[in-house]
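# Tertiary structure, described
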Amino acid sequence: MPIALLPDRAVVAVTGEEATAFLQGILTCNVETLPEGEARLGALLTPQGKIQFDFLVSRNGAEGFRLDVATERVPDLVKRLGLYRLRAKVSISADPTLGVAAAWDGAETAAETIRVRDGRLPALGERLYFTEGAFSADAAEADYHAHRIGLGVPEGGRDFAFTDAFPHEALMDQLGGVDFRKGCYVGQEVVSRMQHRGTARTRILPVVFKDGSAPAPGTEVTAGARSLGVVGSAAGGRGLATIRLDRLGDALAAGEPLRAGGSIAGVEKPAFATFAFPTDTAAAE
């Protein structure tokens, strides 16, 4: 029952009497409906609908929110949110007093922590926020990422490049990271169009490396002479890869083996996914 410290994650605090309205107007997720005790996937997009920052959002008191984001992205996120603040009555800052951890499979700790469930998938467990220096863990950061990868859950900067992927491609529509019923937010028109027209041809998918070794991130996934996509993060014999669904379908129909760095790879549909997958039709028949 592991708990892993996540030094690659940090917290940005957004507080103030207009914090809810401010975030609701720019983020992909719905913060108005966000309950206490949940960390909800969300993103700040470019006006063209691509992901600039992805994070987990949770409530911090009556007029505040925590944005759990990649540590190296904190300064840029604070700056970008500041550009959107205008005259809104909010304060935006990094919170260096909090560390981040993940707990799954029912793990418990005696340390004083703020515990919120990971709203992406129940199997991801909980996020823990604690005062730096007052916490220990029994698992490594790599163990958490192996768990995440095994569940088929992408993470920005590891499985897709920022400003290069749409929310649908990063499975945010499948993991509760986009609210299609809320009002406008930055990039909303493009994302809504992709949803209603079903034009997401590329998805991040779990990949199994049959020889048990994972190629380096950025390794091309091919079938014959055609490129299907690229590998992102991996752990052991599993990984995540950005894949063109139409090309995957053609390869499977033709019986062409999939390769990544010399390894023959099998591509799976995430257990939580509801989008059409090339093998769905064959299975139905």
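Below, the structure is looked at part by part.

## Quick word on the side chain of Glu-155
Topologically, Glu-155 is positioned in the loop between helix H3 (141-151) and helix H4 (188-197). A polar atom in the side chain of Glu-155 sits 3.2 Å from the side chain of Arg-158. Apart from the residues within four sequence positions on either side, Glu-155 is in contact with Asp-8, Arg-9, Asp-54, Tyr-144, His-145, Arg-148 and Phe-160.

## Focus on helix H2 (residues 74-85)
Relative to the 16 Å expected for 12 residues at 1.5 Å per residue, H2 spans 16 Å between its end C-alpha atoms, a close match to the ideal helical length. Those residues of H2 that fall on the buried side of the exposure criterion are Val-74, Leu-77 and Leu-81. Across the axial projection of H2, the buried residues extend over an arc of 60°, all falling on one side. With respect to the buried face of H2, the exposed residues turned more than 90 degrees away are Pro-75, Lys-79 and Leu-83. Elements in contact with the buried residues of H2: strand E2 (9-15), helix H1 (19-24), strand E3 (38-45), strand E4 (51-59), strand E5 (64-70) and strand E6 (91-94). Phi turns positive, to about 50°, at Leu-86, one or two residues after H2.

## Topic: unusual backbone geometry
Peptide bonds are trans in most cases, and residues, glycine excluded, mostly fall at negative phi. Positioned with a positive phi, Leu-86 is a non-glycine residue whose angle comes to about 50°. Structurally, the position occupied by Leu-86 is in the loop between H2 and E6. On the basis of relative accessible area, Leu-86 is assigned to the exposed category, the value being 69%. Located in the positive-phi region is Leu-171, a residue other than glycine, with phi close to 65°. Looking at where Leu-171 falls in the secondary structure, it is placed in the loop between H3 and H4.

## Some remarks on the sheet that holds strand E15 (residues 263-267)
Read around the closed barrel, six strands run E10-E13-E12-E11-E14-E15, paired in antiparallel fashion. When the angles between neighbouring strand axes are averaged without regard to direction, this sheet yields 40°. Sheet topology places strand E10 (residues 202-209) next to strand E13 (residues 238-244); seven bridges connect them, and they run antiparallel. Bridge assignment links Pro-206 to a residue of E13, and that residue is Leu-240.

## With respect to the pairing of E10
A large share of E10 lies buried, amounting to seven of its eight residues. Bridge count between E10 and E15: three bridges; the pairing is antiparallel. Directly across from Phe-209, in E15, lies its bridge partner Ala-265.

## Details of the pairing of E3
Where burial is concerned, most of E3 is hidden: eight out of the eight residues are buried. Side chains Glu-38, Arg-40, Gly-42 and Leu-44 project from E3 onto one buried face, and the interleaved Ala-39, Leu-41, Ala-43 and Leu-45 project onto a second face that is buried too. Sheet topology places E3 next to strand E8 (residues 114-118); two bridges connect them, and they run parallel. Directly across from Glu-38, in E8, lies its bridge partner Arg-117.

## Some words on empty space enclosed by the protein
Evaluation of the coordinates by the stated rule reveals one cavity of 30 Å³ or more. What the largest cavity holds in volume is close to 110 Å³. Lining the largest cavity are 13 residues, with Leu-41, Asp-54, Arg-120, Pro-154 and Glu-155 positioned closest to its centre. Among the elements that make up the lining of the largest cavity, the one with the highest residue count is E4 (three residues). For the lining of the largest cavity, a count of residues per class yields eight nonpolar, no polar and five charged.

## Structural notes on the layout of surface pockets
Of the pockets and cavities examined, the largest pocket occupies roughly 180 Å³. His-168, Asp-173, Gln-174, Met-194, Gln-195, Gly-198, Ala-200, Arg-203, Leu-245, Phe-275 and Ala-276 together form the lining of the largest pocket. Of the residues belonging to the lining of the largest pocket, the class tally is five nonpolar, four polar and two charged.

## Digging into the packing of aromatic side chains
Geometrically, a pair of aromatic rings is defined through the distance of the ring centres and the angle of the planes. This structure, assessed with the given rule, holds two aromatic pairs. Seen in terms of ring centroids, Phe-160 and Phe-162 are 5.9 Å apart; in terms of plane orientation they differ by 75°. Their pairing is edge-to-face. There is no split in this pair, since Phe-160 and Phe-162 are both buried. Directly above the aromatic system of Phe-162 lies the positively charged group of Arg-73, at a separation of 4.2 Å from the ring centroid. Over the ring of Phe-275 we find Lys-269, and its NZ or CZ is 6.0 Å from the ring centre.

Rules used in this analysis
- Note on numbering: residues in each chain are counted from 1, in written sequence order.
- Reporting in this predicted model follows two pLDDT cut-offs: at least 70 for local features of residues, and 80 or more for side-chain atom pairs to be given and counted; totals over whole chains, interfaces and linings ignore these cut-offs and use all residues.
- Values shown for side chains rest on all heavy atoms present in the structure; no hydrogens or waters enter the calculation.
- Under the scheme used here, helices are H or I runs from DSSP no shorter than 4 residues and strands are E runs no shorter than 2 residues, and both carry numbers assigned from the N terminus.
- We define a polar contact as two N or O atoms separated by no more than 3.5 Å, with the added condition that, inside protein, one atom must be a possible hydrogen donor and the other a possible acceptor, whereas residues neighbouring each other in sequence contribute only through side-chain atom pairs.
- Two residues form a contact once any of their heavy atoms are found within 4.5 Å.
- The span expected for a helix works out to 1.5 Å for each residue beyond the first.
- We call a residue buried when its accessible area falls under 20% of the maximum for its residue type, exposed when it is over 50%, and partly exposed in between, using a 1.4 Å probe and counting protein chains only.
- Note that the arc is defined by the directions from the helix axis to the C-beta atoms.
- By this definition, two strands are paired if DSSP reports at least two bridges between them.
- To get an axis, a line is fitted to the C-alpha atoms, and for a helix only the part in contact is used. The angle between two axes follows their N-to-C directions and goes from 0 to 180 degrees.
- Using a grid of 1 Å spacing that covers the protein atoms alone, one calls a set of points a cavity when a 1.4 Å probe fits there but cannot get out, and a pocket when the set is open and has protein on both sides within 12 Å along at least five of seven lines; lining residues are those with an atom within 4 Å of a point.
- Grid points are joined across faces, edges and corners, and a volume is the space filled by probe spheres set on the points.
- All residues other than Ala, Val, Leu, Ile, Met, Phe, Trp, Tyr, Cys, Pro, Asp, Glu, Lys and Arg, Gly among them, are scored as polar; the first ten of these are nonpolar and the last four charged.
- Whether two aromatic rings pair depends on their centres lying within 6.5 Å, for rings of Phe, Tyr and Trp, where Trp uses its six-membered ring; planes under 30 degrees apart make the pair stacked, over 60 edge-to-face, and the rest tilted.
- Only when the NZ of Lys or the CZ of Arg is both within 6 Å of the ring centre and within 35 degrees of the ring normal is a charge said to sit over the ring.

From the geometry alone we can't say anything about function, so treat these as descriptive.
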